[in-house]
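Survey of secondary and tertiary structure
Okay, here's what each chain looks like letter by letter:
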Amino acid sequence: MNTHERTQSWRANRGRRAASWLVLRHGDRIIAVFMMAIAVTALIPSLQQPFGSLSEPGPGLWTVALSVVMGALSILLLIFGRDVPILGKTEGRRDLLAYAAAMFVFAPLYSLLGFLPTAAVILFGLVRLIAHARIISSVITAVIGAAAVYLVFAVGLALPLRAF
Amino acid sequence: MEILDGLSLGFQVAFEPMNLVYVTLGVMLGTVVGLLPGLGPTASIAVLLPVTFQMPPESAIIMLAGIYYGCMYGGRIPAILLNVPGDASSVVTTLDGYPLAKQGRAGAALGITAYGSFIGGTIAIVGLTLFAPVLAAFASRIGPPENMVLALGGLLLVTLISNGPTLKALLMAVLGLLLASIGIDAFSGNPRLTFGSLDMASGIDIIPLAVGLFGFSEILFLAEKKLGSFGKISKLSSVYPTKEDLKVTANPILRSSIIGFFIGLIPGGGGSLSSIVSYGAQKRFSKHPEKFGKGAIDGLAATETADNASSNSAFIPLLTLGLPPNSVLALLFGVLLINNVTPGPQLIENHPEIFWGVIASMYIGNIILLVFNLPLIGVFVKLLKIPPVFLFPFVIVIAYCGVYSANNSVFDLVLATGFGFLGYALKKFRFDLTPVILAFILGPMLEGQFRRSMLMSDGSLGIFIERPGSMVIVLVIALSILFAIASGIVSRVRGKKLLTVPEPVDT
């Protein structure tokens, strides 16, 4: 069986109703390029550090060595990389985007508003969008949930969370 | 006598009222979080880590040990009741646990799981009590070259037996080492890979890395699968095994305790490896091997006992050599470092209250797991009726609480988010994340010991094979690596390892 047939067979056996598996052609090679970029990004500033010698290693020796090894492994992955079957079209995509958006905005919201409003907004958004709860239920869950988490962690466990 | 004195000290620490409260709380919290399918022990512990921040070091590690057992046991509950494994090691649990549940014996399955885990854990802790001080005494005599070789060998072994292709696992290990080198160099004081950022100058903390890479990425991965509800839960009857069950499982439990104990000592050897080996061994010894996969209670007992035994024996390399053998203990290692306690050969001398306190708390935690969890299983099961779409938003908020609390840093929140997205992408492309966290933890030790070794040898790499201690370690590790490679080649030749990369397994 070739890769496509294996993936199709695997998909059928997994019994996923609404999912569509894609075979990401050259998937490993895409990641290899990304890793190579990381290696180069690490190598350039590392070369500006004092290298020292083997008898007295400088701070640059270790990071240069790691960058070179990462680059070499990336090249090997580029050469020997395979296709990667990934979950493509799926009915969970909306949920994925909602969770990703919640994670993305948490830090800036916390900086601006503090923990309680941030947690309430995040909980409201996720419960409303993903759990499809009614607006009233979502608001109640968000407010009580945020307050409860704050009470347990900031008050009960003395974690340094800024309420507002 | 030294061991008895140490245990006496340990029990004094563990029996302090607050520490008893902490270990009980840890076991229960760990069970609750661990039973959420998909999160896995690493993600669960990463999320719960910050709970321990305001505690003294011995209390923090005692509570975390309780969380550890709780998580490991908690993952069994959905595996048996719903056929949804909480982590890699509970995949084997579903083979016989779920069929038993469908036969109306969910209670017996959960009961024997707890009972087998208790016996396996106890035997492993006794082994830990006897073996750990001896190993610590030996380890205190080894120097930087031996430490470096041990750390490197452990990392390589874990990388070789990780899920997926070795090349990708090696890339992840190097990524972890690079991430660990960000910040101020300990030897020269030079900033490295900080790109002029003051936030990066203090390096990357373990908390945002662990929470992001394991917690957030897992939630994103599960979100994509649209986990609407956990499904129909099998009816639960009495959770106590019958006399016949105890009779059938007596030998498997004893045998699996020993198997699990020794496998847990190997880097990367705990969890799923001990479960699989023990299950396979029991199938050979069983009088009814045809029942395996259809509800063999001895098979279930074997896998659960080995799993808990290996979870406990894995503390030996952590406490005595300072080598975390898996991602979960890498997190515990990180917590100890945060509390200015360095696990390793000096731990038993410099912080005996922590060393023996942890061992004593493991005895207590094991008992609490059996005494509390069995009667409360009905309560825990009710949690599974809460749809994950309500639970996971709270997990996210709680996780961010913890991340921020580590250093009062908004930058850590950004890092956790970034690592969450990175971890999700790496999982999509079928990378195992365990080598990242292990390499991140071992990175400073590896570099430090390497540089010290080079100073000692005046730049000669031969120091790693000229010293008898490091040469022996190099030989043992080289043989282990060759064995792992040979096993992989044999498996491929027999066609057992599919070219299509399997579904990523939760760590």
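Residues numbered from 1 in each chain as written. Chains lettered and ligands numbered in written order. Predicted model: local features only at pLDDT ≥ 70, side-chain atom pairs only at ≥ 80, totals over all residues. Heavy atoms only, no water.

1. What to know about the overall build of chain B
A tally of helices and strands in chain B yields 23 helices and two strands. Within the span of chain B, comprising 507 residues, buried residues form 63% of the whole. Counting only contacts in chain B whose residues sit at least 6 apart along the sequence, the fraction spanning at least 24 positions is 79%. If the 30 positive side-chain charges of chain B are averaged to one point and the 27 negative ones to another, these points end up 15 Å apart. (Helix = DSSP H or I, 4+ residues; strand = E, 2+ residues; numbered from the N terminus. Buried < 20%, exposed > 50% of the residue type's maximum accessible area, 1.4 Å probe, protein only. Contact = heavy atoms within 4.5 Å. Lys, Arg positive; Asp, Glu negative; His and termini not counted. Charge placed at Lys NZ, Arg CZ, Asp CG, Glu CD.)

2. Things to note about the overall build of chain A
Counting its regular elements, chain A contains six helices and two strands. When the helices and strands of chain A are read in sequence order from the N terminus, they spell out α-β-α-α-β-α-α-α. Per-residue burial over chain A gives 45% buried out of 164 residues. Taking the contacts inside chain A whose residues are at least 6 apart along the sequence as the reference set, 63% of them involve residues at least 24 apart. Accessible surface, chain A: about 8,500 Å² in total, of which carbon and sulfur atoms supply 68%. (Areas by Shrake-Rupley, 256 points an atom, 1.4 Å probe, with all protein chains shown as cover.)

3. Some thoughts on the packing of helix H2 (residues 17-34) of chain B against helix H18 (residues 352-383) of chain B
All names here are of chain B. At a minimum axis distance of 9 Å, the contact between H2 and H18 shows a crossing angle of 45°. Compared by their axis directions, H2 and H18 come out oblique. Seen from above, H2 lies across H18 with right-handed handedness. Taking contact as the criterion, the partners of Leu 20, Val 23, Thr 24, Val 27, Met 28, Thr 31 and Val 32 in H2 are, on H18, Ser 361, Ile 364, Gly 365, Ile 368, Leu 369, Phe 372, Asn 373, Leu 376, Phe 380 and Leu 383. For the contact of H2 with H18, the per-class residue count stands at twelve nonpolar, five polar and no charged. (Axes fitted to C-alpha atoms, helices over the stretch in contact; angles between N-to-C directions. Parallel < 35°, antiparallel > 145°, perpendicular 65-115°, else oblique. Left-handed = near helix turned anticlockwise from the far one by under 90°. Nonpolar A, V, L, I, M, F, W, Y, C, P; charged D, E, K, R; others polar.)

4. Some thoughts on the environment of B:Ala139
All names here are of chain B. Mapped onto the secondary structure, Ala 139 falls in helix H7 (residues 106-139). On the accessibility criterion, Ala 139 (1% relative accessible area) is buried. Residues Ala 139 and Gly 293, spaced 154 residues apart in sequence, show a C-alpha to C-alpha distance of 43 Å. Apart from residues lying up to four places away in sequence, Ala 139 is in contact with Thr 320, Leu 321 and Pro 345.

5. Regarding the layout of surface pockets
Residues and elements named next belong to chain B. Computed from the structure, the second largest pocket encloses a volume of approximately 1,200 Å³. Around the second largest pocket sit 48 residues that line it, and Phe 333, Leu 337, Ile 441, Pro 444 and Met 445 are the ones nearest its centre. Mapped by element, the contributors of at least two residues to the lining of the second largest pocket are helix H9 (166-180), strand E1 (183-184), helix H10 (198-201), helix H16 (327-338), helix H17 (347-350), helix H20 (410-428) and helix H21 (434-457). Ranked by residue count, the leading element in the lining of the second largest pocket is H21, at nine residues. Residues of the lining of the second largest pocket, tallied by class, amount to 24 nonpolar, 17 polar and seven charged. (1 Å grid on protein atoms, 1.4 Å probe; cavity = no way out; pocket = protein on both sides within 12 Å on 5 of 7 lines; lining within 4 Å. Points joined across faces, edges and corners; volume = space filled by probe spheres on them.)

6. Things to note about the packing of helix H4 (residues 57-74) of chain B against H18(B)
Residues and elements named next belong to chain B. Here H4 crosses H18 at 40°, and the two axes come no closer than 9 Å. Judged by the inter-axis angle, H4 sits oblique to H18. The handedness of the crossing between H4 and H18 is right-handed. Only Ile 354, Gly 357, Val 358, Ser 361, Met 362, Gly 365, Asn 366, Leu 369, Asn 373, Leu 374 and Ile 377 of H18 make contact with H4, whose side of the interface consists of Pro 57, Glu 58, Ile 61, Ile 62, Ala 65, Tyr 69, Gly 70 and Tyr 73. Taken together, the residues of the contact of H4 with H18 sort by class into twelve nonpolar, six polar and one charged.

7. Brief notes about the confidence of the model for chain B
All names here are of chain B. Per-residue pLDDT for chain B has a mean of 81; in total, 90% of the residues score no lower than 70. Throughout residues 496-507 the model reports pLDDT below 50, and contacts reaching past four residues in sequence, or to other chains, amount to 39 contacts. Interface scoring of the predicted complex returns ipTM 0.85; its pTM is 0.80. (pLDDT = per-residue confidence, 0-100.)

8. Description of the pattern of salt bridges
All names here are of chain B. On inspection of all chains with the given rule, the structure shows eleven salt bridges over all chains. The partner of Asp 245 in a salt bridge is Arg 105, and the shortest N-O contact between them spans 2.5 Å. In this pair, Asp 245 sits in helix H12 (residues 243-265) while Arg 105 sits in the loop between helix H6 (91-102) and H7, placing the two residues 140 residues apart along the sequence. Residue Arg 105 is classed as partly exposed on the basis of its relative accessible area, which comes to 27%. Here Asp 185 and Arg 192 are joined by a salt bridge, their closest N and O atoms 3.9 Å apart. This pair shows no difference in class: Asp 185 is buried, exactly as Arg 192 is. Counted as one network, the salt bridges with shared partners bring together Asp 185, Arg 192, Glu 447 and Arg 451. (Salt bridge = Lys/Arg side-chain N within 4 Å of Asp/Glu carboxyl O.)

9. Quick notes on helix H14 (residues 297-313) of chain B
For H14(B), which comprises 17 residues, the first-to-last C-alpha distance of 24 Å matches the rise-based estimate of 24 Å (1.5 Å per residue) to within 8%. Of all 17 residues in H14(B), 17 are buried, a share of seventy percent or more. (Expected span 1.5 Å × (residues − 1).)

10. Overview of the interface of chain B and chain A
Counting from both sides, the interface comprises 68 residues of chain B and, opposite them, 71 residues of chain A. Between chain B and chain A, roughly 6,400 Å² of surface is buried when both sides are summed, and carbon and sulfur atoms account for 78% of that area. At the boundary of chain B and chain A, one finds one salt bridge. Here A:Asp28 makes a salt bridge to B:Lys168, at a shortest N to O gap of 2.7 Å. Breaking the side of chain B that touches chain A down by element, the ones donating at least two residues are H9, strand E2 (191-192), helix H11 (206-224), helix H19 (388-407), H20 and H21 of chain B. Here the side of chain B that touches chain A is built from residues that sort into 46 nonpolar, ten polar and twelve charged. (Buried area = accessible area lost by both parts, 1.4 Å probe.)

11. What about the packing of aromatic side chains?
The tally for this structure, following the rule as stated, stands at 13 aromatic pairs over all chains. The rings of A:Trp62, B:Phe450 and B:Phe464 are connected pair by pair, giving a single aromatic cluster. The cationic tip of A:Arg162 hangs over the ring face of A:Tyr110; the distance from NZ or CZ to the ring centre is 5.2 Å. The positively charged end of B:Lys427 is found above the aromatic ring belonging to B:Phe221, 5.9 Å away from the centroid. (Phe/Tyr/Trp six-rings, centres within 6.5 Å; stacked < 30°, edge-to-face > 60°. Lys NZ or Arg CZ within 6 Å of the ring centre and 35° of its normal.)

12. Quick word on the side chain of B:Thr113
Residues and elements named next belong to chain B. Its location among the elements puts Thr 113 in helix H7. Given a relative accessible area of 0%, Thr 113 falls into the buried group. A polar side-chain atom of Thr 113 sits 2.7 Å from the main-chain carbonyl oxygen of Ala 109. Dropping the residues within four chain positions of it, Thr 113 is found in contact with Tyr 73, Arg 76, Ile 80, Leu 300 and Glu 304. (Polar contact = N/O pair within 3.5 Å; in protein donor to acceptor, adjacent residues only side chain to side chain.)

13. Side note on the confidence of the model for chain A
Residue and element names in this part refer to chain A. For chain A, per-residue confidence averages 84 on the pLDDT scale, and residues scoring 70 or more make up 82% of the total. Here helix H1 (residues 3-14) stands out as the element of chain A with the lowest mean pLDDT, 54, in contrast to helix H5 (residues 115-129), whose mean of 94 is the highest. Scored below 50 in pLDDT, residues 15-19 shows twelve contacts in the model against residues more than four places distant or in partner chains.

14. What to know about the environment of B:Gly66
All names here are of chain B. For Gly 66, the location among the structural elements is in helix H4. For Gly 66 and Pro 388, which are 322 residues apart along the polypeptide, the C-alpha to C-alpha distance reads 24 Å. Excluding anything up to four places from it in sequence, Gly 66 contacts Val 23, Gly 26 and Val 27.

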